[in-house]
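Letter by letter, the chains look like this.
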Amino acid sequence: MSRHALISGASIAGPAVAHELNARGWRTTVVERAPRLRDEGQNIDVRGAGREVLRRMGLEDAALAAGTGEVGLRFVDDDGAAVAEFPAGEGDTAGGTAEMEILRGELSRLIHERTRDTTDYRFGEQIRELTEHGDHVTARLAGGEEIDADLVVVAEGTRSRTRDLVLPPDEAAEVTELGLQVAYLTIPRTGDDDRWWRWHSAPGSRSTSLRPDNRGTTRAMLAFLSDVRGLGELDRDSQITILRRTYADVGWQAPRVLAALEDASLYFDAVAQVRLPRWSTGRTVLLGDAAWATGPFGTGTTLALVGAYILAGELGDGQDTGAALARYEQRMRPFVAQAQDVKPAALRAMNPRSGAGLAVQRRVLGLAGSLSSVFGGLVEKLAGPPAEGIELPEYRLTA
């Protein structure tokens, strides 16, 4: 009889681990608190080992075809003139803009479409209680149903609600906010928008970004550093008030983005990291941001895909679930530690506080852009560990 995995979370890590477990003969059920597949979300990149996972899943070409079409990263001044530009990379890893730039919702859709015939998706549902029995786990859902599984995977976000069911209170997650606040919204595209990711910085550690998508709209980001914590927990009206006051004197495209706040869907994120002493208890395991959220530099999707691949691969080798979960953690820990090594200096460099600091940033970026053959990887280097920094094992498929 095939083993059964219950997975909580239907963004990227959850469907990805369902795909890989299906390929190894497992039966899978995914529960998702949202009432439907979330097709919203901003631009993400997939590099190195993460892209290799998509290649092995047979989804690389589809993900490239569904890309945003972003041609590179351009830093601009108050008038919108280019300070420096870094064309999109060619290949798996290079460039501030990766060759594979895709909306989070698009990648989620692709993996969901690949798994929906082999995975039982339950939207509008969530796990409320977990009971370990040694040889299986019983999950009680919010709707009252009880599901028995050989394994439970919690593949949720940074502020996972289910994570507290996995580890005892004395091993609760350490969630560390890094001081970077980011508001994401989708706004109407205008004739001035092009295929570049345009990034404008203003004194006060504030930036405005506009990025293309493949849906005829523009993705906007307002990002700023703040010592105030808890902004992500405020209601929408309070967040809009904060954004308007914070960006009231910022030029370039900030007024356009502020004007769109009332009508646009708004996602406000207080960027944080998650650290845990371990990622599993018995037959329940954490995956993705719920286990190791890394923060601001774009490694989350790659780590989610790699983690899903390694978790499923280790589980596919034999019946010793505990040993498999230990191997999964042993393989992933070093890569996660690299990704979480975020230097405060890097955050300040990308978000200067003073006018003088902004002038220095623009001079450095201008030099880097003009010597792109030598310094073109500046932004990528600031962004943390190389995406090829983990070697993917070859696992045997059993399905």
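Residues numbered from 1 in each chain as written. Predicted model: local features only at pLDDT ≥ 70, side-chain atom pairs only at ≥ 80, totals over all residues. Heavy atoms only, no water.

As annotated in an unreviewed UniProt entry, the chain is FAD-dependent monooxygenase from Actinomycetospora flava.

Another aspect to go through is the overall build of the chain. A tally of regular secondary structure across the chain gives 13 helices and 18 strands. At 21 Å, the chain has a C-alpha radius of gyration in line with the 21 Å of a compact globule built from 399 residues. With respect to the three principal axes, the spread of C-alpha positions in the chain is 65 × 45 × 40 Å. In the chain, which comprises 399 residues, the proportion classed as buried is 54%. Just so you have it, the chain exposes about 16800 Å², and 49% of that area is on carbon and sulfur atoms. For the chain, the distance from the average position of its 46 positive side-chain charges to the average position of its 57 negative side-chain charges is 2 Å. (Helix = DSSP H or I, 4+ residues; strand = E, 2+ residues; numbered from the N terminus. Rg over C-alpha atoms; globule rule 2.2 N^0.38 Å. Buried < 20%, exposed > 50% of the residue type's maximum accessible area, 1.4 Å probe, protein only. Areas by Shrake-Rupley, 256 points an atom, 1.4 Å probe, with all protein chains shown as cover. Lys, Arg positive; Asp, Glu negative; His and termini not counted. Charge placed at Lys NZ, Arg CZ, Asp CG, Glu CD.)

Attention now goes to the pattern of salt bridges. Here the structure, examined in full by the defined rule, presents 33 salt bridges. Taking the shortest distance from any N to any O, the salt bridge between Arg 278 and Glu 171 comes out at 2.6 Å. With Arg 278 in the loop between β16 (266-275) and β17 (280-281) and Glu 171 in the loop between β11 (151-154) and β12 (174-188), this residue pair connects regions lying 107 residues apart in the sequence. The residue Arg 189 makes a salt bridge to Asp 213 at a minimum N-O spacing of 3.3 Å. Taken together, the positions of Arg 189 in the loop between β12 and β13 (196-202) and Asp 213 in the loop between β14 (206-212) and β15 (217-225) put the pair 24 residues apart, joining distant regions of the chain. On the basis of relative accessible area, Arg 189 is assigned to the partly exposed category, the value being 33%. Linked through salt bridges whose partners overlap, the residues forming this network are Arg 51, Glu 52, Arg 55, Arg 56, Glu 60, Glu 99 and Glu 394. (Salt bridge = Lys/Arg side-chain N within 4 Å of Asp/Glu carboxyl O.)

Attention shifts here to the sheet that holds β13. Ordered by their spatial adjacency, 7 strands build an open sheet running β5-β4-β13-β14-β15-β12-β16, and the pairing between neighbours is mixed. The open sheet has two edge strands with one neighbour each: β5 (82-87) and β16. Strand after strand, the sheet turns through a mean of 20° between neighbouring axes, direction not considered. Contacts between helix α5 (residues 236-246) and the sheet are confined to β12, β14, β15 and β16, with β16 contributing the most and set at about 95° to the helix. (Pairing = 2+ DSSP bridges. Axes fitted to C-alpha atoms, helices over the stretch in contact; angles between N-to-C directions. Contact = heavy atoms within 4.5 Å.)

This brings us to the packing of aromatic side chains. Going through the model one piece at a time under the given rule, you end up with 9 aromatic pairs. Between Tyr 309 and Tyr 395 the ring centres are 5.4 Å apart and the planes differ by 55°, which places this aromatic pair in the tilted class. Here Tyr 309 is found in helix α8 (residues 300-315), whereas its partner Tyr 395 is found in the segment after α13 (378-382), with 86 residues between them in sequence. Residue classification places Tyr 309 among the buried positions, given a relative accessible area of 4%. Accessibility expressed as a relative area gives 11% for Tyr 395, which makes it buried. The ring centre of Trp 196 lies 4.2 Å from the NZ or CZ of Arg 74, which sits over that ring. Seen from the ring of Trp 197, Arg 211 lies directly overhead, with NZ or CZ sitting 3.7 Å from the centre. (Phe/Tyr/Trp six-rings, centres within 6.5 Å; stacked < 30°, edge-to-face > 60°. Lys NZ or Arg CZ within 6 Å of the ring centre and 35° of its normal.)

A separate point is the nonpolar core. Counting residues in each nonpolar core, the largest one holds 72 residues, and the members touching the most others are Leu 287 and Met 332. Here Leu 287 is in contact with Ala 13, Val 17, Val 153, Val 154, Ala 155, Glu 156, Trp 292, Ala 304, Gly 307, Ala 308, Leu 311 and Tyr 328, once residues within four sequence places are set aside. If you look at the next biggest cluster of nonpolar residues, it comprises 23 residues, including Tyr 247, Val 250, Trp 252 and Ala 264. (Core = buried A, V, L, I, M, F, W, Y, C linked by side-chain atoms within 4.5 Å.)

Here we take up the pairing of strand β1 (residues 4-8). The element β1 is largely enclosed, with a buried count of 5 among its 5 residues. The two faces of β1 match: His 4, Leu 6 and Ser 8 on one face and Ala 5 and Ile 7 on the other face are all buried. In terms of strand pairing, β1 meets strand β2 (residues 27-32) through 5 bridges, oriented parallel. Of the residues in β2, the one forming a bridge with His 4 is Arg 27. With respect to chirality, the unit in which β1 leads through helix α1 (residues 13-22) into the neighbouring parallel β2 is right-handed. With 4 bridges joining them, β1 and β11 adopt parallel strand pairing. When the bridges of β11 are listed, Ala 5 appears paired with Leu 151. (Right-handed = clockwise from strand over helix to strand, strands pointing away.)

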